[in-house]
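The primary structure of each chain is shown beneath.
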Amino acid sequence: MITYSRVEEKDLEQIIALYQTHLNSGQYIADEMMGEFKKKDYLGFTAKDDDELVGFFMGQDDIAFTYPHPELEDEIRQFAGGRKLYTPDGLLVLEAYRGKGVAGELIRQMKRALLEREIELALVELWIYPDGSVPAQKPLRGLGEAVYQNTVAGFYSGAMQYGIKCPICGENCTCGALIELLEIKE
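Residues numbered from 1 in each chain as written. Predicted model: local features only at pLDDT ≥ 70, side-chain atom pairs only at ≥ 80, totals over all residues. Heavy atoms only, no water.

Caption draft 1: Spotlight on the nonpolar core. Ranked by size, the top nonpolar core spans 37 residues in total, and within it Phe 56, Phe 57, Leu 106, Met 110, Leu 114, Leu 140 and Leu 143 carry the most contacts. Broken down by secondary-structure element, the contributors of at least two residues to this core are helix 1 (12–22), strand 2 (43–49), strand 3 (52–61), strand 4 (85–93), helix 4 (102–116), strand 5 (121–128) and strand 7 (176–183). Beyond its immediate stretch of four places on either side in the chain, Leu 106 contacts Tyr 4, Phe 45, Thr 46, Ala 47, Gly 55, Phe 56, Phe 57, Leu 91 and Val 93. Grouped together as the second largest cluster of nonpolar side chains are 18 residues, Trp 127, Tyr 148, Cys 166 and Ile 179 included. (Core = buried A, V, L, I, M, F, W, Y, C linked by side-chain atoms within 4.5 Å. Buried < 20%, exposed > 50% of the residue type's maximum accessible area, 1.4 Å probe, protein only. Helix = DSSP H or I, 4+ residues; strand = E, 2+ residues; numbered from the N terminus. Contact = heavy atoms within 4.5 Å.)

Shown next as structure tokens:
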């Protein structure tokens, strides 16, 4: 049976291992995740089958891209106009558990928690694969309706300077990103 709960410090080692296997890897990623967890505004949820971590969804208040994009961050702040932002990072469900409602439940739990915190906008950084697909877009729309979109070709091209490796491209990532602000409502 799958159980859902808030991320605890004891979950971080497993989360980082899965993140680095299935998403981006590198010491910068591990350090950022440990640093994020220690912030008071950190919010995350896990899905476990017995004690095995099979999925997670986490993030933090404000703008938090994989690595800094100052001009885009300024544009988003202007668009948001002072509304409270949250940046989810790392929605991941192991392949054997996909199609079983795990991602949907993680998103529902996150949405409830964001509404309790009076967060109005979720800033999502959606990975555009080299084949043009955007796998996380559909499930993340469970957080809300897109009120802002910006497609950024080569969004991850500077990742190497942070020691981040793409699971598809390696060190010289050419993947783009679809940046969306989702308006969170009941």
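Moving on from the model shown.
Caption draft 2: Structural context of the packing of aromatic side chains. Under the definition given, this model contains 4 aromatic pairs. Measuring from centroid to centroid gives 5.5 Å for Phe 65 and Phe 155, while their planes differ by 70 degrees, and the two rings are edge-to-face. Residue Phe 65 is located in the loop between strand 3 and helix 3 (70–80), and its partner Phe 155 is located in the loop between strand 6 (145–152) and strand 7; the two are separated by 90 residues in the primary sequence. Arranged with centres 4.9 Å apart and planes meeting at 80 degrees, the rings of Phe 155 and Tyr 156 form a pair that is edge-to-face. Residue class for Phe 155 comes out buried when judged on its relative accessible area of 1%. (Phe/Tyr/Trp six-rings, centres within 6.5 Å; stacked < 30°, edge-to-face > 60°.)

Caption draft 3: Spatial organisation of the sheet that holds strand 4. With mixed pairing, the 7 strands of this open sheet are ordered in space as 1-2-3-4-5-7-6. The open sheet has two free edges, formed respectively by strand 1 (2–6) and strand 6, since each of these has just one partner strand. Averaged over all adjacent pairs, the angle separating strand axes in this sheet is 20 degrees, with direction ignored. The pairing of strand 1 with strand 2 spans 5 bridges and is classified as antiparallel. Looking across to strand 2, one finds that Thr 3 is bridged to Lys 48. Sitting on the sheet, helix 4 touches strand 1, strand 2, strand 3 and strand 4, and the angle it makes with strand 2 is about 150 degrees. (Pairing = 2+ DSSP bridges. Axes fitted to C-alpha atoms, helices over the stretch in contact; angles between N-to-C directions.)

Caption draft 4: Quick peek at helix 4. Under the 1.5 Å per step criterion, the end-to-end length of helix 4 is 21 Å for 15 residues, consistent within 8% with the ideal 21 Å. Inspection of helix 4 places Val 102, Glu 105, Leu 106, Ile 107, Gln 109, Met 110, Lys 111, Ala 113 and Leu 114 among the buried residues, and these make up the whole buried set. Each element contacted by the buried residues of helix 4 is listed here: strand 1, strand 2, strand 3, strand 4 and helix 5 (137–140). One or two positions beyond helix 4, positive phi appears at Glu 118, with a value near 60 degrees. (Expected span 1.5 Å × (residues − 1).)

Caption draft 5: Here's a closer look at the pairing of strand 4. Within strand 4, 9 of the 9 residues are buried, which leaves the element mostly enclosed by the surrounding structure. The pairing of strand 3 with strand 4 spans 6 bridges and is antiparallel. Across the sheet, the residue bridging to Asp 61 is Tyr 86, located in strand 4. The sheet contact formed by strand 4 and strand 5 spans 2 bridges and is parallel.

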